[in-house]
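Summary of structural features
Here's the letter readout for the chains.
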Amino acid sequence: GEIYYEEVRDLVKRASGASRVFVFDSTIRETGVKNLNAAAGGAAAPVPRVHCDYTHEGAPRRLRQLGERGIFSHLKKRQMTTDEVDALADGRYAFINVWRSIDKENAVARSPLALCDEASVEPDEKFKYELRFPDRTGETYSLRHSEKHRWYWYPAMTHDECL
């Protein structure tokens, strides 16, 4: 829990130069699981479709939704106010995914993470995909196939590696 999230916050700060990092929507994915959505405290299946977790409209909407639920500031040791979340949303921010194996003994053997080089994707190859949750609707991009896409994958990731 908290030690892992502190490691992630420190990593993202070092890698991106961010002054503040908020960890949210943490999901454990396991190949043997069939459901894409994790039950409370459980794992979810790997997502079998090419996608980008946020659209240009979906990311600011998600930030405001998170603000409505309450964002705890580790710097200020308190919940951020609505005005502070609004100022954050009006400024410069980024949603950064961190992928890391939590198995300290075994490397990832199935369903390794693959990434498509954005420079190889034409704008009309992306399309919006809604994700319906009980309390909100998310919006991601999916991708139409093209032979021109350049792919990179990271097989056998170990616990001390992350992307």
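Residues numbered from 1 in each chain as written. Predicted model: local features only at pLDDT ≥ 70, side-chain atom pairs only at ≥ 80, totals over all residues. Heavy atoms only, no water.

1. Overview of a nonpolar patch on the surface
Side chains of W99, L115, Y152, Y154 and L163 sit close together on the surface and give an oily, nonpolar patch of about 420 Å² of accessible area. Counting through the fold element by element, W99 comes out in the loop between α3 (82-90) and β4 (114-116). (Patch = residues over 30% accessible without salt bridge, like charges linked within 9 Å, V, L, I, M, F, W, Y side chains within 5 Å. Areas by Shrake-Rupley, 256 points an atom, 1.4 Å probe, with all protein chains shown as cover. Salt bridge = Lys/Arg side-chain N within 4 Å of Asp/Glu carboxyl O. Helix = DSSP H or I, 4+ residues; strand = E, 2+ residues; numbered from the N terminus.)

2. Observations regarding the nonpolar core
Residues L63, L66, I71, M80, V85, L88 and A89 constitute the largest nonpolar core, which totals 7 residues. Elements supplying a minimum of two residues to this core: α2 (58-69) and α3. By residue number, the principal contributor to this core is α3, which donates 3 residues. The residues contacting V85, other than those within four sequence positions of it, are L63, G67, I71 and M80. (Core = buried A, V, L, I, M, F, W, Y, C linked by side-chain atoms within 4.5 Å. Buried < 20%, exposed > 50% of the residue type's maximum accessible area, 1.4 Å probe, protein only. Contact = heavy atoms within 4.5 Å.)

3. Observations regarding the environment of E30
Structurally, E30 is set in the loop between α1 (2-16) and β1 (51-52). On the accessibility criterion, E30 (43% relative accessible area) is partly exposed. Along the primary structure E30 and G42 are separated by 12 residues, whereas in three dimensions their C-alpha atoms are 9.8 Å apart. Contacts of E30, omitting those with residues within four sequence positions, involve A43, A44, A45 and P46.

4. Regarding the pairing of strand β5 (residues 126-132)
Alignment of β5 against strand β6 (residues 137-143), held across 7 bridges, turns out to be antiparallel. Opposite F127, over in β6, you have S142 as the bridge partner. Where β5 hands over to β6, the hairpin turn is made up of 4 residues, counted between the paired strands. (Pairing = 2+ DSSP bridges.)

5. What to know about the side chain of S142
By the secondary structure assignment, S142 is in strand β6. Engagement of the side chain of S142 in a polar contact is seen with the side chain of R49, the distance being 2.7 Å. Setting aside residues up to four positions removed in sequence, S142 forms contacts with R49, V50, H51, E125, K126, F127 and Y129. (Polar contact = N/O pair within 3.5 Å; in protein donor to acceptor, adjacent residues only side chain to side chain.)

6. Some words on α1
With 15 residues, α1 should cover 21 Å at 1.5 Å per step; its first-to-last C-alpha distance of 21 Å lies within 8% of that length. Following α1 by one or two positions, G17 has its phi on the positive side, about 85°. (Expected span 1.5 Å × (residues − 1).)

7. Observations concerning the packing of α2 against α3
Any two packed helices are characterised by the angle at which their axes cross and by the distance between the axes. Remark: α2 packs on α3, axes separated minimally by 10 Å, with the N-to-C direction vectors making an angle of 165°. For the element pair α2 / α3, the angle class is roughly antiparallel. The handedness of the crossing between α2 and α3 comes out as right-handed. In contact with L63, R64 and G67 of α2, α3 contributes V85, D86, L88, A89 and D90. For the contact of α2 with α3, the per-class residue count stands at 4 nonpolar, 1 polar and 3 charged. (Axes fitted to C-alpha atoms, helices over the stretch in contact; angles between N-to-C directions. Parallel < 35°, antiparallel > 145°, perpendicular 65-115°, else oblique. Left-handed = near helix turned anticlockwise from the far one by under 90°. Nonpolar A, V, L, I, M, F, W, Y, C, P; charged D, E, K, R; others polar.)

Without other data, these values stay purely geometric and don't point to any function.
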